Structure formats: C-alpha cells, structure tokens
Amino acid sequence: MKDLSAIVSEALETLKSGGLILYPTDTVWGIGCDACNEEAVQKVFALKKRSGAKSLVLLASDMDMVARYIRTIPSIAIDLVEVNDAPMTIVYPGAEVASVKGGFGLAPSVVAEDGSVGIRVPRIVPGEEGNAVPAGAVFCNKLVYRLRRPLVSTSANISGEPAPGNFKEIAKEILDGVDYVVPASFEGGRFDGTSTGRASQIIKLGLRGEVEIIRK
C-alpha cells in the first residue's frame, strides 16, 4: 500500500501532463484537472457529459493562491474563510482568465459568463470540537500546493446522476475515463468515511459586499 506522499506525487504528474484524476476532497469524491489547462477542462466536461455552459468549482491551497486568480477579493471573503468550520465554496467576481492563446489565468471554461468563479480552500485545521481533519482535505491541500495553481473539483458522476457518497459508488464509466485513480486507502489511513460525503455550501459575493447564499 502506498503512502500519502507517493499518491500525491503520482496525481501531480498526471495533472501536469494534462490528465484527469479521480480523487477524494473534503466533501465528496471528485474529478479533477489543472484549472488553467483548457484542454484538460474540456475532457472533464466530456467525461461527465455536462454542458460547457456550466462553470466548475475549483480548489485552492490558501487565500494567497485565490488572490492570484481574482482581481479584487471582497473583504468579507477573508472573514468567511477564517470563521467557517464547514466546507464552503465562495463565488468570486472578476476572475483572471487566460486568453485563447494561453498566458496567465484560469481556463476560460471554468469561469461563468459573468466572469465569476467558485473557489474553495479545504479546511486543514481541527474544528472547535476537536474533530479530525478529513484525509481528503489534507490530500487536496498537499496536491494543490505542489501543483501551484487551482484544481478543478467536480463530483465524480455523470451529469444528472447522483453524486457518489463513497468510492464504491463511483460508476465504472468514471473510473475508466480518468487517467489516475487515487486509492480509497493509503498507508496509515483511508479517505472514505472521513469527509462529509455532501456537497459544500456555496456563497456568492459581489464587489460591494453583496452576499447571496446559493446552497446551504
């Protein structure tokens, strides 16, 4: 059985080569790719049979990474990230988008038509009650930190079908459609059963401090 470090390294190499990974997050099992690689993002849409008109949630290692891809971060976002003790995706206005010819920025297809993008920073500190940090959150943080750019995070299911609550519920079509599958267990631990098994809450912010709850 491989240790966590070896699994992170293998997943990283897949992402750098433009491939797709199946991996555990702080919420549910997800399909991921380099969020700055448009070709890889299109592979995600094709695998999920999902319309390209729908934007994707991204994972960042910390707020410093978020700041590199968002032109202006509403001040309330910092407070929300610091005080929240549950997985929370924030939809930010004004994403930095790469041109069709490349350059710095997110892949065009991960950004909504209004220029916003949803980003979550997996919480890697215990909650107030001392709850253990989900192994998926630790894995994501390590992986995104080494990738040095945001990671696409979309549930591991065909669009319109239920999101899998654990590894055993993931459809064969998804397992066969990615380039690397993170194992359900690793040396000294496991991913299944440590995360919430539910999608994160989603909050959309405006430049003037407007707050809209998209999903509780």
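Refer to the structure presented above.
Peer 1: Explain the sheet that holds strand β6 (residues 151-152) to me, using residue names and the numbers behind them.
Peer 2: Whether parallel or antiparallel, the strands of a sheet pair through hydrogen bonds between backbone atoms. A sheet is described by the order of its strands in space; here 6 strands give the open sequence β6-β3-β5-β4-β11-β12, paired in mixed fashion. The sheet is open, and its two borders are formed by β6 and β12 (211-215), each paired with just one other strand.

Peer 1: Kindly report on the packing of aromatic side chains, identifying the contributing residues and their values.
Peer 2: Throughout the structure, instances matching the rule amount to 5 aromatic pairs. Measuring from centroid to centroid gives 6.4 Å for Trp29 and Phe191, while their planes differ by 90 degrees, and the two rings are edge-to-face. Remark: Phe191 occurs in the loop between β10 (189-190) and β11 (201-205) and Trp29 occurs in strand β2 (residues 29-32); sequence separation between them is 162 residues. Note on accessibility: Trp29 and Phe191 belong to one class, buried.

Peer 1: Can you break down the packing of helix α1 (residues 4-16) against helix α5 (residues 135-147) residue by residue, with the values?
Peer 2: Two elements in contact, α1 and α5, have axes whose closest approach is 10 Å; the angle formed by their N-to-C orientations is 45 degrees. Between α1 and α5, the angle is such that the two are oblique. In the crossing of α1 with α5, the sense of the turn from one axis to the other is right-handed. Judged by residue contacts, Leu4, Ser5, Ile7, Val8, Ser9, Ala11, Leu12, Leu15 and Lys16 of α1 engage Val138, Phe139, Lys142, Leu143, Arg146 and Leu147 from α5. Considered class by class, the residues forming the contact of α1 with α5 number 10 nonpolar, 2 polar and 3 charged.

Peer 1: I'd like a description of the nonpolar core, backed by residues and values.
Peer 2: In this structure, Leu106, Val110, Phe139 and Leu143 are the most contacted members of the largest nonpolar core, which totals 61 residues. Not counting residues up to four positions away in its chain, the partners in contact with Leu106 are Ala35, Cys36, Leu58, Tyr69, Ala95, Glu96, Val97, Ala98, Val111, Val117 and Pro150.

Reading the values: rules and limits
- Residues numbered from 1 in each chain as written.
- Predicted model: local features only at pLDDT ≥ 70, side-chain atom pairs only at ≥ 80, totals over all residues.
- Heavy atoms only, no water.
- Pairing = 2+ DSSP bridges.
- Helix = DSSP H or I, 4+ residues; strand = E, 2+ residues; numbered from the N terminus.
- Phe/Tyr/Trp six-rings, centres within 6.5 Å; stacked < 30°, edge-to-face > 60°.
- Buried < 20%, exposed > 50% of the residue type's maximum accessible area, 1.4 Å probe, protein only.
- Axes fitted to C-alpha atoms, helices over the stretch in contact; angles between N-to-C directions.
- Parallel < 35°, antiparallel > 145°, perpendicular 65-115°, else oblique.
- Left-handed = near helix turned anticlockwise from the far one by under 90°.
- Contact = heavy atoms within 4.5 Å.
- Nonpolar A, V, L, I, M, F, W, Y, C, P; charged D, E, K, R; others polar.
- Core = buried A, V, L, I, M, F, W, Y, C linked by side-chain atoms within 4.5 Å.

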